[in-house]
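Here are the chains, one letter per residue:
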Amino acid sequence: MKPKKYIIKKGKIYWPSKEMKKIAWVSNEKIYEIASRNPVKFWEEKAKEGIKWEELWKKTYEEKLPYFEWFKDGKLNFCVNCLDRHLDKGSKTALIWIPEPTKEKPIKLNYAELYDKVNRFANVLKKQGIKKGDVVAIYLPILPETLIAMLACTRIGAIHSVVFSAFSADALKARIQDGKAKLLITADGYYRRGKEENLLEKAIKATEKTTVKKIIVVSRLRKKKRGGKFLDFQKEIEKAYSYCKPEIMNSEDIMFILYTSGTTGKPKGIVHDTGGYAVQAYWTTKWNFNLHEDDIMWCTADIGWITGHTYAFYGPLLNGSTTLIYEGAPDFPNPGRWWKIIDENKVTVFYTAPTAIRMFMKVGDKWLKKYKLNSLRILGTVGEPIDEDTWMWYFKKIGKGRCPIIDTWWQTETGGTSINVLPGIGPFIPTVAGKSFPGTKHIVVDEKGKKVKEGKGGFLVQVPPFAPGMLHGVYNNHKKYVETYWRYWTKFKKRYYNTSDGAYVKNGLIRVTGRTDDVMKVAGHRLATAELENAINDSKYVNESAVVPIPDKIKGQVPVAFVVLERGEPSINLEKELKKHVDKKIGPTARPSKIYFVNDLPKTRSGKIMRRILKNLLNNEEPKGLMTLVNPEAVERIKEVLKENST
Ligand code: WTA
């Protein structure tokens, strides 16, 4: 049968076809207007329709800025919403996991099997003394056990704090300490690009002298067993009782923390609640990806990021559909791996990042030849602005010109997608994210919060009522929360959530242009310049440093560092040594692509490093505003260093 075409072209613009309109949950544009007339009522209805509540709330929305609450006193259990309520079709596949080694078979778990394992593991956690409100750190790659562990936490009301498995021991330790985690769940290792990556050694180092008393270890590489404070995931599950009564939570209770980079050196623990997050995750997954029960959704994000939380795990399960996850790297054993997985598993919804698409563009179309990709219905993208070439390649080569691309703008802080086009409504325009999700509103303003005219660039802010999935604070850090997100409120009494992104509006559609603060996106990973500078400055060789992003064809951006040495001489070996130091402090994802050794950094009279000038110099642009510098001569010397390095 000929695969269906879900889009049509009118003029230069793509719109949903009749086929798409037919299957779309929403295809009438009026939804935006209806929702905006009374957004609180809209979300209230959606919350009742999409989520199973044990008790309904007393108040739908209460705003006491900088905080706001949704579904106050409503009671629910998140795990019940992901699993128990789908048990009437228990034999339906909930999870497909593709291991990296090709000789291993994929693992499929149906809803009944997943329910059984999650209940058992919830009892394991309880046996270890974990109670409602306790923080459990999870340092796992993408494995079925990762999902089991996270859902088990939500079943007993423990707060999970997932840490990206490629982060270093130091980065893990900082996150464990900030959350005062009582227990750590990790693995002995995992496979990536044919190699065994060790995880446990890093985990052990990270937990030294912390609140973590026990470590539960998934045996992925079948390394030797350990006793003492180490428990074996599989063995404990087998021993545990197969039912665990769900803890009934208040909607506003914290469900998880996820650390992300801000403008300072220390990552922030973004706090997400239970009910509001569930509502946002359910509806955005359903409407953006037009998810039906027979869909197989593959979100390629790692579980260490919010995209992994909401769209690889929770969104598809809340909707009773099937999620596919995979171990390893996109291009191993060869760059055809992803397309093979799509064909073999009949993936219908595919959600990935521009950086991955650019990597596939570079390796060439020959890797696509063998694959039909005709099961696909919807393509999604997230994490950074997508340029037109990448959009078109994705559209033509992966979607075969049949599937809409849903460009979703959102953040760790928003919990779920915030700005995108809905597949049944359109239009699908390269580089344009689209409209605020129904019941949500964003505008573009100037420095002082004055709305700017259509077509003019400015700062993207969200206006009330703030969507249910939005963050509920920074863990144990009210000050940081206020400073980062509520500038317009504290300074100008405007009720705006500050996204830190730049944007403009054209024909009522929002185009996001990128961060306006010192946060970069390296291969979709969020990284603060200050965080990297902290890591570099920590080296005994370094006196001070400045990090700036430069554009990169595949990764979008990569960090470049300027370093003033305290001891040692500039050399290739020292550059290597410092890169290694960054690996140790944060992880290889943060490694600078180049380190320039300089004598001095351009600074203002108050001592602020002028990164803008460094960026200009890297781009061969003549920097402006040298008058404000206390050391303009530094600029000339840096120019020389750049020249020397380019030859
Ligand atoms: C950027 C990822 C343009 C943006 C879900 C945001 C995007 C940051 C898009 C959040 C998009 C994400 N178009 N930019 N479709 N999606 N961004 O917290 O700068 O890892 O502020 O969340 O990614 O990154 P985070």
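Residues numbered from 1 in each chain as written. Predicted model: local features only at pLDDT ≥ 70, side-chain atom pairs only at ≥ 80, totals over all residues. Heavy atoms only, no water.

1. Section: the domain arrangement of the chain
What counts, and what does not: Boundary definitions for the domains trace back to an automatic or database domain assignment.
On domain assignment, one finds that the chain holds domain 1 (441-513) and domain 2 (523-646). Relative to domain 2, the C-alpha centre of domain 1 lies at a distance of 30 Å.

2. Observations regarding empty space enclosed by the protein
Stated formally: The method works on a 1 Å grid over the protein atoms by themselves. A cavity is a set of points holding a 1.4 Å probe that cannot get out, a pocket is an open set with protein on both sides within 12 Å along at least five of seven lines, and residues with an atom within 4 Å of a point line them. Grid points are joined across faces, edges and corners, and a volume is the space filled by probe spheres set on the points. Each residue gets one of three labels, nonpolar for Ala, Val, Leu, Ile, Met, Phe, Trp, Tyr, Cys and Pro, charged for Asp, Glu, Lys and Arg, and polar for the others, Gly among them.
Under the counting rule described, the total for this entry stands at five cavities of 30 Å³ or more. Put simply, the largest cavity is a space of about 60 Å³. What lines the largest cavity is simply F167, R175, Y259, T260, S261, P267, W305, R526 and E531. Across the lining of the largest cavity, the residue classes break down as four nonpolar, two polar and three charged.

3. Brief notes about the sheet that holds strand β16 (residues 254-260)
Heads up, the condition is: DSSP bridges decide pairing: two strands pair if at least two such bridges lie between them. Numbering of helices and strands starts at the N terminus; helices are DSSP runs of H or I of at least 4 residues and strands are runs of E of at least 2. Angular values range over 0 to 180 degrees, each being the angle between N-to-C directions of two axes fitted as lines to C-alpha atoms, with helices fitted over their stretch in contact. Should any heavy atoms of two residues lie within 4.5 Å, those residues are considered in contact.
The strand order across the open sheet formed by seven strands is β14-β13-β10-β8-β9-β16-β17, and the pairing between neighbours is mixed. Since the sheet does not close on itself, it has two edges, and those belong to β14 (230-232) and β17 (268-273), each with one partner. With strand direction ignored, the average angle separating the axes of adjacent strands in the sheet is 25 degrees. Packing of helix α10 (residues 275-288) onto the sheet brings it into contact with β16 and β17, and relative to β17 it is tilted by some 85 degrees.

4. Describing the nonpolar core
For soluble globular proteins, the rule of thumb is that nonpolar side chains tend to be buried together. Counted only if it meets this: Nonpolar cores are built from buried Ala, Val, Leu, Ile, Met, Phe, Trp, Tyr and Cys residues. Side-chain atoms within 4.5 Å join them into one set. With a 1.4 Å probe rolled over the protein chains alone, any residue whose accessible area is under 20% of its type maximum counts as buried; one over 50% counts as exposed, and the rest are partly exposed.
In terms of nonpolar packing, the biggest core is built from 185 residues, with L114, F121, L125, I185 and W339 touching the most fellow members. Within the second largest apolar cluster, 19 residues are counted, among which are V548, I609, L618 and V635.

5. Notes on the site of the ligand
Defined as follows: Each residue is tested against the molecule or strand, and it is near if at least one of its non-hydrogen atoms lies within 4 Å. The definition of a polar contact used here is a pair of N or O atoms within 3.5 Å, where within protein one atom must be able to donate a hydrogen and the other to accept one, and adjacent residues in sequence count solely through side-chain atom pairs.
Neighbouring residues of the ligand: 17 residues in total, closest D407, T408, T412, D501 and R526. G383 is positioned such that a nitrogen or oxygen atom in its backbone is 3.0 Å from a nitrogen atom of the ligand. Within the side chain of D501, a nitrogen or oxygen atom sits 2.4 Å from an oxygen atom of the ligand. Within the residue set of the shell around the ligand, elements represented by two or more residues are α11 (306-318), β22 (405-408) and β28 (509-515).

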